[in-house]
Structure formats: C-alpha cells, structure tokens
Amino acid sequence: VVLTELAVPEELPEDRRREVFAALVAAQDGGLAVAASREKVAAEHGVTVAQVAQIEKEGLQAQWPPLDG
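Structure report, in brief. Quick caveat: nothing in here was measured; it's all calculated off a predicted structure. (Residues numbered from 1 in each chain as written. Predicted model: local features only at pLDDT ≥ 70, side-chain atom pairs only at ≥ 80, totals over all residues. Heavy atoms only, no water.)

**Section: the overall build of the chain**
Alright, step 1. What the chain contains, in helices and strands, is three helices and zero strands.
Alright, step 2. Residue burial in the chain is summarised as follows: out of 69 residues, 32% are buried.
Alright, step 3. Look at the contacts in the chain between residues 6 or more apart in sequence, and 56% of them connect residues 24 or more apart.
Alright, step 4. Only carbon and sulfur atoms are counted for the fraction: they give 55% of the accessible area of the chain, which is about 4300 Å². (Helix = DSSP H or I, 4+ residues; strand = E, 2+ residues; numbered from the N terminus. Buried < 20%, exposed > 50% of the residue type's maximum accessible area, 1.4 Å probe, protein only. Contact = heavy atoms within 4.5 Å. Areas by Shrake-Rupley, 256 points an atom, 1.4 Å probe, with all protein chains shown as cover.)

**Describing unusual backbone geometry**
Alright, step 1. Cis rather than trans, the peptide bond between Pro 65 and Pro 66 has omega equal to 10 degrees.
Alright, step 2. Relative to the assigned elements, Pro 66 resides in the segment after α3 (49-62).

**Quick word on the packing of helix α1 (residues 14-29) against helix α2 (residues 34-45)**
Alright, step 1. For the pair α1 and α2, the least separation of the axes is 9 Å and the interaxial angle reads 140 degrees. Judged by the inter-axis angle, α1 sits oblique to α2. In this structure, α1 meets α2 at a crossing whose hand is right-handed. Two secondary-structure elements touch here, α1 through Arg 16, Glu 19, Val 20, Ala 23, Leu 24, Ala 27 and Gln 28 and α2 through Val 34, Ser 37, Arg 38, Val 41 and His 45.
Alright, step 2. In terms of residue class, the contact of α1 with α2 is made up of six nonpolar, three polar and three charged. (Axes fitted to C-alpha atoms, helices over the stretch in contact; angles between N-to-C directions. Parallel < 35°, antiparallel > 145°, perpendicular 65-115°, else oblique. Left-handed = near helix turned anticlockwise from the far one by under 90°. Nonpolar A, V, L, I, M, F, W, Y, C, P; charged D, E, K, R; others polar.)

Shown next, in the form of structure tokens:
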C-alpha cells in the first residue's frame, strides 16, 4: 500500500492510525514537544503533520493504548 500525502486519516486502517498514535505518545513521553513530536512521527510514518494531529485527537478521544491503562 502506497500512502500519499493526500490520504486522510480515515483512509488509513485503524491499526495504522493506532501505530502512529502510539509513536506520538512515546515521542512526547520521551520529552519531545508536541509540535516536534508530530513532525518526527509524520516523517517516520509517511503521513502529514495535519494527519498526525487528527490521529492524535482521535486516539485521545478513544483512549487508545497506551492511554487505556
């Protein structure tokens, strides 16, 4: 599957969005600022910073791991 920068988070499978969310939480827990962590995760996962922000919002609302414990 080739992801383009035009893909919206809803087009990414949920397991993929959860991966991005977990990586974002790990980056922030590791001390990166919110903006820096979004940029890092976007680059690593081949999505845009805006997509990461949308996935972050979705993950927070749904209490995805690692937040569910």
